[in-house]
Amino acid sequence: MKQKTKGIVLSQKEIAPDIYDMWIETSLAKEACAGQFVGVFPKDKSTLLPRPISICEIKEDKTALRLVYRIAGAGTAEFSKLCEKDTVELLGVLGNGFPLKEAEGKKVFLIGGGIGIPPMLQSAKDCDGDKQILLGYRDGQLFLKNDLEQYGTVYVATEDGSVGTKGNVMDAIAANNLKADVIFACGPMPMLRAIKKYAAEQGIKAYISLEEHMACGVGACLGCVVKTKEIDHHSHVNNARICTDGPVFDADDVEI
Amino acid sequence: MNTQIEIAGVTFKNPVMTASGTFGSGMEYSEFVDLNKLGAVVTKGVANVPWPGNPTPRVTEVYGGMLNAIGLQNPGIDVFMERDIPFLKKYDTKVIVNVCGKTVEDYVEVVERLADEPAVAMLEINVSCPNVKEGAIAFGQKACALYDITDELKKHAKQPIIMKLSPNVTDIAEMAKAAEAAGADALSLINTITGMKIDIHRRRFALANKTGGMSGPAIKPIAVRMVYQASHAVKIPVIGMGGIATADDAIEFMMAGASAISVGAMNFVNPYATSEIVDGIEAYMRQYKINDLKDIIGCVE
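Predicted model, so just to flag it, every value in this text is computed and none were measured.

(A) Inspection of the side chain of Ser 25 of chain B at higher detail. All names here are of chain B. Within the element layout of this structure, Ser 25 appears in the loop between strand E3 (16–18) and strand E4 (40–42). Here the side chain of Ser 25 touches Asp 84 through a polar contact of 2.5 Å, side chain to side chain. Setting aside residues up to four positions removed in sequence, Ser 25 forms contacts with Val 41, Thr 43, Phe 80, Asp 84, Phe 87 and Leu 88.

(B) Spatial organisation of the interface of chain B and chain A. Facing 35 residues of chain B, the contacting portion of chain A comprises 32 residues. Taking both sides of the interface into account, the surface hidden between chain B and chain A amounts to around 2700 Å²; carbon and sulfur atoms contribute 59%. Between chain B and chain A we count three salt bridges in total. Elements that contribute at least two residues to the side of chain B that touches chain A include exactly strand E5 (59–62), strand E6 (65–68), helix H1 (76–89) and helix H8 (266–269) of chain B. Looking at the side of chain B that touches chain A residue by residue, the class counts come to 20 nonpolar, nine polar and six charged.

(C) Region of interest: the sheet that holds strand E13 (residues 205–209) of chain A. All names here are of chain A. Strand order in the open sheet formed by seven strands is E11-E10-E9-E8-E12-E13-E16, with mixed pairing between adjacent strands. Of all the strands in the sheet, just strand E11 (165–166) and strand E16 (248–250) have a single pairing partner and so form its edges. Here five bridges tie strand E8 (residues 107–113) to strand E12 (residues 182–186), and the two strands are oriented parallel to one another. Directly across from Ile 111, in E12, lies its bridge partner Ala 185. Contacts from helix H5 (residues 189–202) reach E8, E12 and E13, with the element oriented near 170° to E12.

(D) Representation of the packing of aromatic side chains in the model. Under the definition given, this model contains twelve aromatic pairs over all chains. Both rings, one in Tyr 137 of chain A and one in Phe 143 of chain A, keep their centres 5.3 Å apart while their planes meet at 90°; by these two values the pair is edge-to-face. When its relative accessible area of 4% is taken as the criterion, Tyr 137 of chain A is described as buried. Each ring, one from Tyr 107 of chain B and one from Phe 139 of chain B, has its centre 5.6 Å from the other, and the planes form 85°; the classification is edge-to-face. Within this pair, whereas Tyr 107 of chain B is found in helix H2 (residues 104–114), its partner Phe 139 of chain B is found in helix H3 (residues 137–140), the two being separated by 32 residues in sequence. Accessibility expressed as a relative area gives 0% for Tyr 107 of chain B, which makes it buried. A residue is classified by how much of its surface remains accessible, and Phe 139 of chain B, at 14% relative accessible area, is buried. Each member of the aromatic cluster is reached from another via a ring pair, and the members are Phe 23, Tyr 29, Phe 32 and Tyr 272 of chain B. Taking NZ or CZ as reference, Lys 4 of chain A lies 3.9 Å from the ring centre of Phe 41 of chain A, over its face.

(E) How the structure looks around the side chain of Lys 220 of chain B. All names here are of chain B. In this fold, Lys 220 is placed in helix H6 (residues 220–233). A polar atom in the side chain of Lys 220 sits 2.9 Å from the side chain of Glu 252. Apart from residues lying up to four places away in sequence, Lys 220 is in contact with Gly 242, Gly 243, Asp 249, Glu 252 and Phe 253.

(F) Seen up close, the domain arrangement of chain A. Residues and elements named next belong to chain A. The domain boundaries assigned to chain A delineate domain 1 (3–94) and domain 2 (100–209). Contact with domain 1, which involves 16 residues of that partner, is made by 14 residues of domain 2. Taken together, the two surfaces of domain 1 and domain 2 that pack against each other cover about 1300 Å², and 59% of this comes from carbon and sulfur. Considering only the surface of domain 1 that becomes buried against domain 2, Ala 34, Cys 56 and Arg 70 emerge as the three largest contributors, covering 36% of it.

(G) Quick peek at the pairing of strand E6 (residues 64–70) of chain A. All names here are of chain A. The element E6 is extensively covered by neighbouring structure, given that six of its seven residues are classed as buried. Pairing of strand E2 (residues 19–25) with E6 involves seven bridges; the strand directions are antiparallel. Bridge assignment links Asp 21 to a residue of E6, and that residue is Val 68. Here strand E5 (residues 57–58) pairs with E6 via two bridges, running antiparallel. Bridge pairing in E6 places Ile 58 opposite Leu 65. Hairpin geometry of E5 and E6 is characterised by an intervening segment of five residues between the two adjacent antiparallel strands and by a positive phi of about 60° at Lys 62.

(H) How the structure looks around helix H2 (residues 119–126) of chain A. Burial analysis of H2 of chain A places seven of its eight residues in the buried class, the great majority of the element. Where H2 of chain A is concerned, the buried positions are Pro 119, Met 120, Leu 121, Gln 122, Ser 123, Ala 124 and Lys 125 of chain A.

(I) A look at the pairing of E13 of chain A. All names here are of chain A. Burial analysis of E13 places four of its five residues in the buried class, the great majority of the element. Relative to E13, E12 runs parallel, the two being bridged by five bridges. Bridge pairing links Val 182 to Lys 205 in E13. Regarding topology, H5 serves as the crossover connection from E12 to the parallel E13, and that connection is right-handed. Of the strand pairs in this sheet, E13 and E16 are connected by three bridges, and their pairing is antiparallel. Paired with Tyr 207 across the bridge in E16 is Asp 250.

(J) Fine view of the environment of Val 108 of chain A. Residues and elements named next belong to chain A. With respect to the element layout, Val 108 can be found in strand E8. Overall, the relative accessible area of 0% leaves Val 108 in the buried class. Taking the C-alpha atoms as reference points, Val 108 and Phe 184, 76 residues apart in sequence, are found 7.7 Å from one another. Val 108 has contacts with Ala 103, Cys 127, Gly 129, Asp 130, Lys 131, Gln 132, Ala 180, Val 182 and Phe 184, leaving out every residue within four places of it along the chain.

(K) Highlighting helix H5 (residues 172–181) of chain B. All names here are of chain B. Inspection of H5 places Ile 172, Ala 173, Met 175, Ala 176, Ala 178 and Ala 179 among the buried residues, and these make up the whole buried set. Buried residues in H5 make contact with H3, helix H4 (143–156), strand E9 (161–164), strand E10 (186–189) and H6. The opening residue of H5 is Asp 171, an N-cap whose side-chain oxygen sits 3.0 Å from the backbone nitrogen of Ala 173. Of the residues one or two after H5, Gly 183 is the one with positive phi, at around 105°.

Definitions and cut-offs
- Residues numbered from 1 in each chain as written.
- Chains lettered and ligands numbered in written order.
- Predicted model: local features only at pLDDT ≥ 70, side-chain atom pairs only at ≥ 80, totals over all residues.
- Heavy atoms only, no water.
- Helix = DSSP H or I, 4+ residues; strand = E, 2+ residues; numbered from the N terminus.
- Polar contact = N/O pair within 3.5 Å; in protein donor to acceptor, adjacent residues only side chain to side chain.
- Contact = heavy atoms within 4.5 Å.
- Buried area = accessible area lost by both parts, 1.4 Å probe.
- Salt bridge = Lys/Arg side-chain N within 4 Å of Asp/Glu carboxyl O.
- Nonpolar A, V, L, I, M, F, W, Y, C, P; charged D, E, K, R; others polar.
- Pairing = 2+ DSSP bridges.
- Axes fitted to C-alpha atoms, helices over the stretch in contact; angles between N-to-C directions.
- Phe/Tyr/Trp six-rings, centres within 6.5 Å; stacked < 30°, edge-to-face > 60°.
- Buried < 20%, exposed > 50% of the residue type's maximum accessible area, 1.4 Å probe, protein only.
- Lys NZ or Arg CZ within 6 Å of the ring centre and 35° of its normal.
- Domains from an automatic or database assignment.
- Right-handed = clockwise from strand over helix to strand, strands pointing away.

Right, here's the structure in full:
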């Protein structure tokens, strides 16, 4: 059951320039799963709408959520100032999450690009496959890399070539001659397009997490749609709602 | 204590409604709000055929509000009748269907399809959406065009019709009078105010549609003024909306002349807003010993 509820900040730190790592105690953690997201509300009343932020990690006892986010505007800048014991209003849990069962006993790529890396942490924890984790960064600020190394073999690509393969995650797949039976990915649109193409060529399934400007977060406003191959079940016009039908889609099903 | 309101012969248990397009057909928000508690659910606009809407980005935040250019994406009347009406029938609330179209014939088709559906209490005619290029707003910005479409729809509608007015006009009173003269049973206002936002870092419009309709608390004073002007220009009831967030806001609109009110963008900010406003209105009535809520409608002269 979705709800808007108060959370309490347990800790927050900057883990790379403009990238913040916040643990929030919240009842929403009870029902959360990998690949879902929450709406975080700024307190400043000039900024009204919930900011959709992916769940990076769910505390083992299901009492807290870890959010790792980049400052992208006034709302996230306000969140970055939150300290231990501060309250924050959350809407959640939202979206469908990754179908990690598809990976059981298979070779899997977990791919994160930039601020798409955080949701891959809980996904890596919950995924039972043979995990190859590909992380794409701009530079040598390798946030969450140490966390992810506990759950699989990590391959890094950096745009500036300072660490790992120079280029993007697709270059890292080629350079390391990696293969997989299924892909889970979150990151910028060019990366997701490349993964969709790669998965089609390889004849494997790819599940990609999409992002779009959102207002309600619960499927009512129809703000965050993505073109779909088939007629969508809600509006019957080949437009799925990213907030409720996604954010995770079978790459075959979406026109990106 | 009586919170009942009557509009065009339809009795609502209270004046709190949902603004079209912000509440779907109630399904999504029924997880947050007991729909039985609301005066009415006003549905997302429905056309004769499915509409795909505009390209994304469709929404963006602005100071104290938001812009949207959804473009009236909807599944069309067939799916609406099969899925949304049966869903809404389960609840003890009034159903007002928002009707959109590109031509007069489109509107007539939807109005006629709904004519024999007893679960639909009223029709709200959307002649004021700023985000679709054909129809809609074209009927809502000229008094003569508004008169003609109202007059035509009255010939086909079995339920009372509410004409939803655009604030993007020079004289809202003139528009209100035109709709009334053509036989409209009620008015609702304001629809969103056309706005624009530019992303200065990317040198791009924030919305793919370039312009969008502004809603949210920042537009409330404009809406209150227009509700006052429109309701004092006509004898038919007015449903007020535009930035309503709290029971205080709702009461302000009623004092300006609204017989009922709708909550729009604030559903996105506080999904419990409609329910809290119902409670808040009752608390206000107790505080000021108001026995009949109707007594405050237009009480400020």
